[in-house]
Amino acid sequence: MPKSEVTPNSPNVNKSVSAKPSSVELHIPIKILSSETATGSNTPSGNIHFREQKGDFQRLRTMMNSLLIVLFFALPFISIDGRQAILLDISQQQFFFFGITLWPQDFTLLAWIFIAAAFSLFFITVFWGRVWCGYLCPQTAWTFIYVWIETRIEGSSNKRKQLDKASWSGSKIGKRSTKHLLWGLAALLTGCGFISYFIPARELYIDIFTGNASFWVTSWVWFFAICTYLNAGWMREQMCLHCCPYSRFQAVMFDANTKTVTYDAKRGESRGPRKRKQETNLRESNLGDCVDCNLCVEVCPTGIDIRNGLQYECINCGACVDACNETMLKFDYKPNLIGYMSENDLKGVNYSYWRSPRFLGYGAAVVIMLIVIGLDLNSRSEIQLNVIRDRQSLYRETADNKIENTYQLKIRNKTQDTKQYQLAVDSEMPFSLIADPIITLAAGEQVDYPVTVLADKDAIPSGRKMIQFSVTDVKQPSQQVSQETGFFSP
């Protein structure tokens, strides 16, 4: 489809969310490309082959993506006190996190952490838009790994496009086979990396690559390997365009101060080719600084033209910023024709974040969540106690005129060390505990401990009285847990 020129009021125009001065919007025609040509890296097969780009933002993105991937694979191999630092042991219902052991009843803490992470993401979005997607999202990181492998084997974006169009030959089969083999290996390693957070990593990798892993372990590793292969190798930008919910609701967190990748239309329009070092004068030549080189489209991982305005497909990776700045340098123009700019930046308006309701709201939510996490951690007990009454009889009378009630104490040591605990029964009335008051539990052990509480029949009133069992760490008296229950007498 050929290019067409339409005014901003045309129904075919992709409406921009970013602010553009009214003079530019009303008087300068904008070139809108069809879906086939607007994404200049598209091929007849529907694939987007974007160009590799160097620059400050791409170095930052590469560094952060690399850090994410290194941490993903390395964390399961870190040991603390002889145990894997992060391990979600589903069979034992334990979650080990850098020396802290969490049990199912502690998972409210995990919920608070996820909520705090969500509000932190919203808070960052108010400042820098969708930078999470461009710099730290695993989908982006693995996509760029797969594209890096593809580029090393099949060549630049133009060569990859030519290879897509070429008929099948020995060379094409060899390149495609090598690429998919390496993609598969990367996917298998990723599957192992994910499952190593659930199964000890040092055993997992050996068992998988020697074929000694169990059926279910092998199945889960290959399940995540196939998901990685499809997401990063085939779907790529489709995950960002159609599957990611964040792309759909991110705009509600933006305000006039949110810095997103933005094209300065007032400075750039009208677009047009020209010689290097040529001075631009809007009044005389009707040309802006945009030389219409289309590099911003060719380097975009999602294949959009940022000059059409802010679009939900933009992941804020900054590739188009680096490409445009490189072109501006060659033409001796000012940088940041495309840059991280806000609506107020384009208008030249200074506005304080402290006056932004979103800034204050999300910031307060993050602080509250961090306080809740701190309080939850501080109140978390290392001992679990559950008191169960004997259901066979409410009480028993002994020959020496005493009343006894029987209980079952379920006591769990939630730490990874052997502990000694002191048992006691607390009440305003004279009750005595018929059981060994000292109990030793191994790391993570739970016991059912039967105890009997005894009292003189004449010393207590009839009916139901409340008593309290307590379990105290002998070496750390601050670690104590207690539970109330009833004592019955005739």
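Looking at an unreviewed UniProt entry, one finds the chain named Cytochrome c oxidase accessory protein CcoG, with Shewanella scandinavica as its source organism.

Sorry if this is basic, but what is going on with the UniProt feature "transmembrane region" (unreviewed entry) in the chain here?
When the UniProt feature table is mapped onto this chain, "transmembrane region" (unreviewed entry) is found at residues 67–87, 107–128, 181–201, 213–232 and 359–377. Taken as a whole, residues 67–87 contains 38% helix and 29% strand, while its terminal C-alpha atoms sit 20 Å from one another.

Would you mind going over helix 4 (residues 107–128) with me for this structure?
In an α-helix, one turn spans 3.6 residues; hence positions three or four apart end up facing the same way. Here helix 4 is 22 residues long and its end C-alpha atoms lie 31 Å apart, about the 32 Å a rise of 1.5 Å per residue gives. Taken as a whole, helix 4 has its buried residues at Leu-109, Ala-116, Phe-122, Thr-125 and Val-126. The secondary structure elements touched by the buried residues of helix 4 are strand 7 (100–102), helix 12 (246–249) and helix 18 (357–379). Just past helix 4, the residue Gly-129 takes up positive phi, approximately 65°.

Any chance you could explain a nonpolar patch on the surface here in plain terms?
There is a patch of nonpolar side chains on the surface, built from Leu-182, Leu-185, Leu-189 and Phe-209 and spanning about 330 Å² of accessible area. Here Leu-189 is to be found in helix 8 (residues 170–195). Overall, the relative accessible area of 32% leaves Leu-189 in the partly exposed class.

I tried to follow the sheet that holds strand 15 (residues 438–441) on my own but got confused; where do I start?
The strands making up a sheet associate through backbone hydrogen bonding, with each pair oriented either parallel or antiparallel. Strand order in the open sheet formed by four strands is 15-13-17-18, with antiparallel pairing between adjacent strands. Of all strands in the sheet, those bounded by a partner on one side alone are strand 15 and strand 18 (480–489). Here the strands of the sheet are splayed against their neighbours by 30° on average, with no regard to which way each runs. Sheet topology note: the strand 17 (residues 463–473)/strand 18 ladder contains 10 bridges and is antiparallel. For Thr-472, the partnering residue across the bridge sits in strand 18 and is Gln-480.

Would you mind showing me how to read unusual backbone geometry here?
Note on backbone geometry: most residues besides glycine have negative phi, and most peptide bonds are trans. Residues Glu-269 and Ser-270 are joined by a peptide bond in cis, for which omega reads -5°. Assignment of secondary structure puts Ser-270 in the loop between helix 13 (265–268) and helix 14 (282–285). Notably, Asp-292 is not glycine yet its phi reads approximately 55°, a positive angle. Assignment of secondary structure puts Asp-292 in the loop between helix 14 and helix 15 (295–298). A positive phi angle, close to 70°, is found at Asn-294, a residue other than glycine.

For this particular structure, what's the right way to read the confidence of the model for the chain?
For any part of a model where pLDDT is low, the fine detail of the predicted coordinates should not be relied upon. Overall, the prediction assigns the chain a mean pLDDT of 84, with 89% of residues at 70 or greater. Confidence, read as mean pLDDT per element, is least for helix 1 (residues 22–27) in the chain (35) and greatest for helix 8 (96). Below pLDDT 50 for its whole length, residues 1–40 participates in 66 contacts with residues either more than four positions away or in separate chains.

Whenever I open this one, the layout of surface pockets confuses me. Can you help?
Where empty space is left becomes clear once a probe the size of a water molecule has been rolled over the atoms. What the largest pocket holds in volume is close to 1400 Å³. Around the largest pocket sit 32 residues that line it, and Leu-68, Phe-72, Phe-114, Pro-138 and Tyr-197 are the ones nearest its centre. Tallied by class, residues from the lining of the largest pocket come to 28 nonpolar, four polar and no charged. Of all the secondary structure elements, the ones that give two or more residues to the lining of the second largest pocket are helix 3 (56–74) and helix 6 (138–154).

In this structure, what is going on with the pattern of salt bridges? I would like to understand it.
When charged atoms on two side chains of opposite charge get close, those side chains can pair. Overall, the coordinates contain 21 salt bridges when judged by the stated rule. With its nearest N and O atoms 2.7 Å apart, the salt bridge here joins Asp-289 to Arg-267. Pair noted here: Asp-289 is in the loop between helix 14 and helix 15 and Arg-267 is in helix 13, with a separation of 22 residues, a long-range link. Residues Lys-402 and Asp-456 are paired through a salt bridge, measuring 2.3 Å at the closest nitrogen-oxygen approach. Of this pair, Lys-402 sits in strand 12 (residues 402–413) while Asp-456 is found in strand 16 (residues 446–456), placing the two residues 54 residues apart along the sequence. Overall, the relative accessible area of 22% leaves Lys-402 in the partly exposed class.

Looking at this structure, I do not really get the nonpolar core. What am I missing?
Val-261, Cys-320 and Ile-338 are the most contacted members of the largest nonpolar core, which totals 35 residues. Residue assignment for this core shows that the elements contributing at least two residues are helix 4, helix 5 (131–135), strand 8 (260–263), helix 15, helix 16 (319–330) and strand 9 (338–341). The biggest single contributor to this core is helix 16, with six residues. In contact with Ile-338, not counting residues within four places along its chain, are Val-261, Thr-262, Tyr-263, Cys-296, Ile-306, Cys-320, Val-321, Cys-324 and Asn-325. In this structure, Ile-383, Leu-409, Leu-441 and Ala-455 belong to the second largest nonpolar core, which totals 24 residues.

I would appreciate a short explanation of the packing of aromatic side chains in the present structure.
How two aromatic rings sit relative to each other is given by the distance of their centres and the angle of their planes. Going through the model one piece at a time under the given rule, you end up with 28 aromatic pairs. Here the aromatic rings of Phe-77 and Tyr-205 are separated by 5.5 Å at their centres, their planes lie at 35°, and the arrangement is tilted. Of this pair, Phe-77 sits in the loop between helix 3 and strand 3 (79–80) while Tyr-205 sits in helix 9 (residues 201–210), and the two are 128 residues apart along the sequence. The partly exposed category is assigned to Phe-77, whose relative accessible area is 33%. Classification of Tyr-205 as buried rests on a relative accessible area of 15%. A ring pair is formed by Phe-331 and Tyr-333, whose centres lie 5.8 Å apart and whose planes are at 35°; its orientation type is tilted. Exposure class is identical for Phe-331 and Tyr-333. Each is buried. Chaining the aromatic ring pairs together yields one cluster made of Phe-119, Phe-122, Tyr-246, Phe-249 and Tyr-362. The lysine or arginine in question, Arg-83, covers the ring of Phe-96, its NZ or CZ lying 4.3 Å from the ring centre. Sitting over the face of the ring of Trp-168, Lys-172 holds its NZ or CZ atom 4.5 Å from the ring centroid.

Please clarify how the packing of helix 8 against helix 9 should be interpreted in this entry.
The angle between the axes and the distance between the axes are what describe a pair of packed helices. Close contact between helix 8 and helix 9 brings their axes to 10 Å; oriented N to C, the two are set at 140°. Considering the angle they form, helix 8 stands oblique to helix 9. Helix 9 is crossed by helix 8, and the crossing has right-handed handedness. Contact residues: Leu-188, Leu-189, Cys-192, Gly-193 and Ile-195 in helix 8; Leu-204, Tyr-205, Ile-208 and Phe-209 in helix 9. Looking at side-chain class alone, the contact of helix 8 with helix 9 contains eight nonpolar, one polar and no charged residues.

Parameters at a glance
- Residues numbered from 1 in each chain as written.
- Predicted model: local features only at pLDDT ≥ 70, side-chain atom pairs only at ≥ 80, totals over all residues.
- Heavy atoms only, no water.
- UniProt positions renumbered as here; feature names shortened; annotations may be inferred.
- Helix = DSSP H or I, 4+ residues; strand = E, 2+ residues; numbered from the N terminus.
- Expected span 1.5 Å × (residues − 1).
- Buried < 20%, exposed > 50% of the residue type's maximum accessible area, 1.4 Å probe, protein only.
- Contact = heavy atoms within 4.5 Å.
- Patch = residues over 30% accessible without salt bridge, like charges linked within 9 Å, V, L, I, M, F, W, Y side chains within 5 Å.
- Areas by Shrake-Rupley, 256 points an atom, 1.4 Å probe, with all protein chains shown as cover.
- Salt bridge = Lys/Arg side-chain N within 4 Å of Asp/Glu carboxyl O.
- Pairing = 2+ DSSP bridges.
- Axes fitted to C-alpha atoms, helices over the stretch in contact; angles between N-to-C directions.
- pLDDT = per-residue confidence, 0-100.
- 1 Å grid on protein atoms, 1.4 Å probe; cavity = no way out; pocket = protein on both sides within 12 Å on 5 of 7 lines; lining within 4 Å.
- Points joined across faces, edges and corners; volume = space filled by probe spheres on them.
- Nonpolar A, V, L, I, M, F, W, Y, C, P; charged D, E, K, R; others polar.
- Core = buried A, V, L, I, M, F, W, Y, C linked by side-chain atoms within 4.5 Å.
- Phe/Tyr/Trp six-rings, centres within 6.5 Å; stacked < 30°, edge-to-face > 60°.
- Lys NZ or Arg CZ within 6 Å of the ring centre and 35° of its normal.
- Parallel < 35°, antiparallel > 145°, perpendicular 65-115°, else oblique.
- Left-handed = near helix turned anticlockwise from the far one by under 90°.

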